[in-house]
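Here are the chains, one letter per residue:
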Amino acid sequence: MRISLDPEQCYGSGDCVHRAPSVFTQVDGLGAVIPGREYDVDAPRVREAAEGCPSAAITLTRADTEEARG
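Quantities reported herein were computed from a predicted structural model and do not represent experimental measurements.

Participant: Run through the overall build of the protein chain, naming residues and quoting values.
Facilitator: Within the protein chain one finds two helices and five strands. Buried residues in the protein chain amount to 31% of all 70 residues. Considering only contacts within the protein chain whose residues lie at least 6 apart along the sequence, 50% involve residues at least 24 apart. For the protein chain, the exposed surface amounts to about 4,200 Å²; the carbon and sulfur share of it is 46%.

What follows is the structure in structure tokens.
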């Protein structure tokens, strides 16, 4: 699963960092995926972060290219 975060859609709640700190960080007050962590390292927490993202800025893309949006 590939993890991406749209900085133009994010408004910096920090919820993703709280839910999955090994995958997400904040850069200039906005959420970001930690470089090198773009692929699933902690599926339950990453999915929870995507589903709980208040701005729906996190996108999870499966290997079979089916897209799931948080």
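Further notes follow.
Participant: Please give an account of the nonpolar core that cites residues and values.
Facilitator: With 15 residues, the main nonpolar core has Ile3, Leu5, Val23, Phe24 and Ile58 as its most contacted residues. For this core, the secondary structure elements donating two or more residues are strand 1 (2-5), helix 2 (43-52) and strand 4 (58-61). Of all the elements, helix 2 adds the most residues to this core, at three residues. Those residues in contact with isoleucine 3, other than ones at most four positions away along the chain, are Val23, Phe24, Val33, Arg37, Glu38, Tyr39, Asp40, Val46, Ile58, Thr59 and Leu60.

Participant: Give a description of the side chain of serine 55 that names residues and reports values.
Facilitator: Within the element layout of this structure, serine 55 appears in the loop between helix 2 and strand 4. Given the relative accessible area of 13%, serine 55 is considered buried. Contact partners of serine 55, with chain neighbours within four places excluded, come to Gln9, Cys10 and Tyr11.

Participant: How would you explain the pairing of strand 3 (residues 30-33) if you had to name every residue and give the values?
Facilitator: Bridging between strand 2 (residues 24-27) and strand 3 involves four bridges; their strand directions are antiparallel. Across the sheet, the residue bridging to valine 27 is leucine 30, located in strand 3. A loop of two residues connects strand 2 with strand 3, the two strands running antiparallel in sequence, and aspartate 28 in this loop sits at a positive phi of about 55 degrees.

Analysis parameters
Residues numbered from 1 in each chain as written. Predicted model: local features only at pLDDT ≥ 70, side-chain atom pairs only at ≥ 80, totals over all residues. Heavy atoms only, no water. Helix = DSSP H or I, 4+ residues; strand = E, 2+ residues; numbered from the N terminus. Buried < 20%, exposed > 50% of the residue type's maximum accessible area, 1.4 Å probe, protein only. Contact = heavy atoms within 4.5 Å. Areas by Shrake-Rupley, 256 points an atom, 1.4 Å probe, with all protein chains shown as cover. Core = buried A, V, L, I, M, F, W, Y, C linked by side-chain atoms within 4.5 Å. Pairing = 2+ DSSP bridges.

Interpretation note: all reported values are geometric properties and have no functional meaning in isolation.
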